[in-house]
Amino acid sequence: MIPMPSAGPSPDVEAALRETLAEDADAFPGTGLDLAGRARAGVRRRHRRTLLVTATALVLAVPAGWLSWQQLDTTAPQRPAQAFVSSPRPTPPLDPRCRAQAATLSGPAIRWQRLPADARVTEVLRCGVKFENRNGELWRVAVQERATEGLAGLVAILKTPDRPIPPGTVCTLLTTTSSPIWARLDDGRWLPVLWPQAGCNPIFVGRDVYAGVHFVTEREEPVAAAAVATVDPPGPKKP
Amino acid sequence: MDFDEYVRARGPALLRFAYLLSGDRHTAEDLTQTALQDALVHWRKVTRAEHPERYLQRMITNRFLQSRRRRASTEVVTAEPSGTAATGDGMAGVIDRDEIRRLLAHLPARSRAVLILRYYLDLDDEAIAAFVGVAPVTVRSIVSRSLGALRPLAAHRTES
């Protein structure tokens, strides 16, 4: 650390410094270098390096960009549906139950049933539709969720009998939408299961129970882009 | 003004300036060559400048300060001047200058650059401030502090 001076610099010091610098500059030996030639060579080298880097970047970036465009461009007609999947995990084919349900907004005519009290459920399948906005278009994506463990609470809810609305209750939001839950019984049969009707709103009955069930989400895209209107997706809301 | 012609005429002076800054011949060559490369790319702009040589000196100074900033954490100061000169009447100036060189070498890069711009190129505070990219008051402060470090030498010189 250089100490702060207590007074201004002495003229002697400045003179000594001037002399030293002048002496050093004069004593500097000529290098005999062709400075201009070396500078030109350096610039050429720099240009070559820039060209090389640009060419390498182009070679690497163009195919990558083309691939991403192919994956992202929703108007490319020849694009296979699988190319949309951004997840490294390959998407398994959508279960036919969910595919059929996703084909239309209201779903096909499915005969929803009560889960029998003695049913032993080994797997549940929840079908849904997700709406995604891509490039200004609304896309409808079929989503299915599967769970094989932690089903006890959910199955218990599904076996719960309906609870009638108490007399005099005013329901502001009365819906009758069936819940798109499929249950696979231990004998291998799939049942489209109704949520119990409880109070005014049957949709929210089982929502808290979902939290205890580990669903594995799978999706297929797109189901139908053109016919989709900007409406809320039907079915139960996800937890 | 032709680039080759200019470099033939002023190249050695630029090298000397770079040598004073860096204190090392090879570093001086690198600094000068890099600055000349940049100058060649923008040669029109350089020749349009009021003082092309100042422009190049500024490029060298910037390169020097940048390189010092990059290497500040890795560079280790070695080589205290070896041996001691014999003292005597005729040697006093030599000792002082060696000591000045040693002190200059140990100054921070910016302080060293400021002293060289002031006492070798004879630039005023405003010009030095523009060169180094600091305020003129900072230049005065750097000069004052750096000369303060050299003051004991002056005292020694007066005594001898």
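Model, not experiment: these values are computed from the prediction.

Cut-offs used in this document
Residues numbered from 1 in each chain as written. Chains lettered and ligands numbered in written order. Predicted model: local features only at pLDDT ≥ 70, side-chain atom pairs only at ≥ 80, totals over all residues. Helix = DSSP H or I, 4+ residues; strand = E, 2+ residues; numbered from the N terminus. Core = buried A, V, L, I, M, F, W, Y, C linked by C-beta atoms within 7 Å. Buried ≥ 20, exposed ≤ 12 C-beta atoms within 10 Å, placed from the backbone. Contact = placed C-beta atoms within 7 Å. pLDDT = per-residue confidence, 0-100. Pairing = 2+ DSSP bridges.

On to the overall build of chain A. Within chain A, the secondary structure is distributed over 5 helices and 5 strands. Start at the N end of chain A and walk to the C end: the helices and strands fall as α-α-α-β-β-α-β-β-α-β.

To continue, consider the nonpolar core. Ranked by size, the top nonpolar core spans 42 residues in total, and within it Leu-17 of chain A together with Ala-18, Leu-21, Ile-60, Val-114 and Ile-116 of chain B carry the most contacts. Ranked by the residues each element gives to this core, the list is headed by helix α1 (residues 3-22) of chain B, at 9 residues. For Val-114 of chain B, the residues in contact, after removing those within four places along its chain, are Ile-128, Val-132, Val-139, Ile-142 and Val-143 of chain B. Of all hydrophobic cores here, the second largest spans 19 residues; its members include Val-121, Cys-127, Leu-151 and Leu-158 of chain A.

What follows concerns the environment of Arg-99 of chain A. All names here are of chain A. Here Arg-99 shows up in helix α3 (residues 96-102). Judged by the 15 C-beta atoms lying within 10 Å of it, Arg-99 is partly exposed. Separated by 30 residues in the primary sequence, Arg-99 and Val-129 have C-alpha atoms spaced 9.9 Å apart. Residues contacting Arg-99, with those up to four places away along its chain left out, are Leu-94 and Ala-142.

Turning our attention to the confidence of the model for chain B. Residue and element names in this part refer to chain B. Summing up the model confidence of chain B, the mean pLDDT is 76 and the portion of residues at 70 or higher is 76%. Per-element averaging of pLDDT across chain B places helix α5 (residues 92-106) at the bottom with 68 and helix α6 (residues 109-119) at the top with 89. Per-residue pLDDT stays below 50 along residues 72-92; that stretch engages in 10 contacts with residues further than four places along the chain or on separate chains.

On to the pairing of strand β2 (residues 137-147) of chain A. Put simply, side chains in a regular strand alternate between the two faces of the sheet. Residue and element names in this part refer to chain A. Relative to β2, strand β1 (residues 121-134) is paired through 11 bridges, and the arrangement is antiparallel. Bridge pairing links Arg-134 to Glu-137 in β2. In this antiparallel pair of consecutive strands, β1 and β2, the connection spans 2 residues, and Asn-135 shows a positive phi of 50 degrees. Two strands pair when backbone bridges link them, and β2 and strand β5 (residues 216-220) are joined in this way by 5 bridges, in the antiparallel orientation. Its bridge partner lying in β5, Ala-142 is registered against Glu-220.

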